[in-house]
Amino acid sequence: MKSLAVTADKAATGSSAASEADRAKIEGALEAYEAALNASDTDKVMAVFASDGVFMAPNSPSAVGLDAVLGAYNGIFHAIAFDTELHVDEIVQVAADWAFVRTHSAGFVTVNATNDRVADANHELFVFRKDDDAWKIARYSFSSTNPPPR
C-alpha cells in the first residue's frame, strides 16, 4: 500500500486556505480513500463518502447516492485492480464545512479478466463536506491524463 503524497503548499494563507486541523482531516480521508482503492475494498471506499455522495467517472452516468456509488465501485473492482498513488495539488476550504481538493494520481491498473497491467494516470477533483467533524467526499470526478489509445 502506498501513502498519500502531499505536494500542496501547506503554507497557503487567506480565507480560502484550509486550517491545519481541517487540512489534516481532509488528507486523512484521502489517505483512507487511496488505501481502499488499492485494496479493492468497497466498504472502506464507502466509509469516506458522504451519505448523498456523487461519483462521476468518465464515459459513465453519474452515480448519485450511496447505493449508486456502491454499485459503481463494485463494478470497477470487479473489472480492475489499482496500484496507484494520489498527490494533493491543492486544498481550498470555501466554507466552514465545504472544501475542494485537486489531486493527480499515477500508477497502474490490472485488468482482472486478462491480468494485463497498464499505466494509469489521472487528475481528480474532490468536493468534501464536513459532517460531525469528519470530512467526507461529497462529489468526486476524474479524467485520464494518459494520451488516448491509438
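Everything below is about the structure printed above this text.
My aim in this report is to walk through the structure given alongside it, one point at a time. (Residues numbered from 1 in each chain as written. Predicted model: local features only at pLDDT ≥ 70, side-chain atom pairs only at ≥ 80, totals over all residues. Heavy atoms only, no water.)

## Thoughts on the pattern of salt bridges
Think of it this way: side chains of opposite charge can pair up when their charged atoms draw near. Heads up, the rule is: One speaks of a salt bridge when a side-chain nitrogen belonging to Lys or Arg is within 4 Å of a carboxyl oxygen belonging to Asp or Glu. Helical segments are the DSSP runs of H or I of at least four residues, strand segments are the runs of E of at least two, and each set is numbered from the N terminus. Exposed residues in this analysis have more than 50% of their type's maximum accessible area, buried residues have under 20%, and partly exposed residues fall in between, with area computed by a 1.4 Å probe over protein chains only.
Per the counting criterion, the structure on display carries seven salt bridges. A salt bridge links D52 to R129, with the shortest nitrogen-to-oxygen separation between them at 3.0 Å. Residue D52 is located in strand β2 (residues 49–56), and its partner R129 is located in strand β6 (residues 116–131); the two are separated by 77 residues in the primary sequence. Two residues, D83 and R117, come together in a salt bridge whose shortest N-O distance is 3.4 Å. Of this pair, D83 sits in strand β4 (residues 80–95) while R117 sits in strand β6; the two residues are 34 residues apart in sequence, bridging distant segments of the chain. The class of R117 is partly exposed, set by a relative accessible area of 47%. Bridged by salt links that share partners, the residues D22, K25, K130 and D133 form one connected network.

## Here we look at the packing of aromatic side chains
The line we're drawing: Classification of ring pairs rests on two measures: the distance between centres of Phe, Tyr or Trp rings, Trp counted by its six-membered ring, which must be within 6.5 Å, and the angle between planes, read as stacked under 30 degrees, edge-to-face over 60 and tilted in between. A positively charged side chain is recorded as over a ring if its NZ (Lys) or CZ (Arg) lies within 6 Å of the ring centre. The angle to the ring normal must also be within 35 degrees.
Going through the model one piece at a time under the given rule, you end up with 12 aromatic pairs. Taking the centre distance of 6.3 Å and the plane angle of 85 degrees together, the rings of Y33 and Y73 count as edge-to-face. One end of the pair, Y33, is in helix α1 (residues 20–38); the other, Y73, is in helix α3 (residues 66–79), with 40 residues separating them in the sequence. When the ring of Y33 is compared with that of Y140, the centres are 5.5 Å apart and the planes differ by 70 degrees; the resulting orientation is edge-to-face. Residue Y33 is located in helix α1, and its partner Y140 is located in strand β7 (residues 134–144); the two are separated by 107 residues in the primary sequence. Here Y33 and Y140 have matching classes, each one buried. One aromatic cluster is present, formed by Y33, F49, F55, Y73, F77, F82, F126, F128, Y140 and F142 through successive ring pairs. When the ring centre of F108 is taken as reference, the NZ or CZ atom of R117 above it lies at 4.1 Å.

## Here's the deal with α3
The condition that has to hold: A helix's residues, less one, multiplied by 1.5 Å, set its expected span. What the arc covers is the set of directions going from the helix axis to the C-beta atoms. Residues are treated as being in contact if the distance between any of their heavy atoms lies within 4.5 Å.
Between its first and last C-alpha atoms α3 spans 20 Å; for 14 residues at 1.5 Å apiece the expected length is 20 Å, and the two agree. When we look at burial in α3, the residues that qualify are V69, Y73 and F77. Down the axis of α3, the buried set is contained in an arc of 65 degrees. They therefore lie on one face. Every exposed residue of α3 that faces more than 90 degrees away from the buried side is listed here: D67 and H78. Where the residues of α3 are buried, they touch α1, α2 (42–47), β2, β3 (63–64), β4 and β7.

## Remarks on the environment of A134
Examined against the element boundaries, A134 turns out to sit in strand β7. Measuring from C-alpha to C-alpha, the distance between A134 and D22 comes to 9.0 Å, with 112 residues separating the pair along the chain.

## Considering unusual backbone geometry
In the Ramachandran plot, S40 falls in the positive-phi region, its phi being about 50 degrees despite a non-glycine side chain. With respect to the secondary-structure elements, S40 resides in the loop between α1 and α2. Residues other than glycine seldom take positive phi values, yet D132 does so here, at roughly 50 degrees. Mapped onto the elements, D132 comes out in the loop between β6 and β7.

## As for the nonpolar core
Stated formally: The definition of a nonpolar core used throughout is a set of buried Ala, Val, Leu, Ile, Met, Phe, Trp, Tyr and Cys residues joined through side-chain atoms within 4.5 Å.
Y33, F49, Y73 and F128 are the most contacted members of the largest nonpolar core, which totals 29 residues. Elements with a contribution of two residues or more to this core: α1, α2, β2, α3, β4, β5 (98–111), β6 and β7. Sort the elements by how many residues they give to this core and α1 lands first, with six residues. Contacts of F128, omitting those with residues within four sequence positions, involve I26, A29, L30, D97, W98, A99, V101, W135, K136, I137 and A138.

This is a description of form; function is not addressed.
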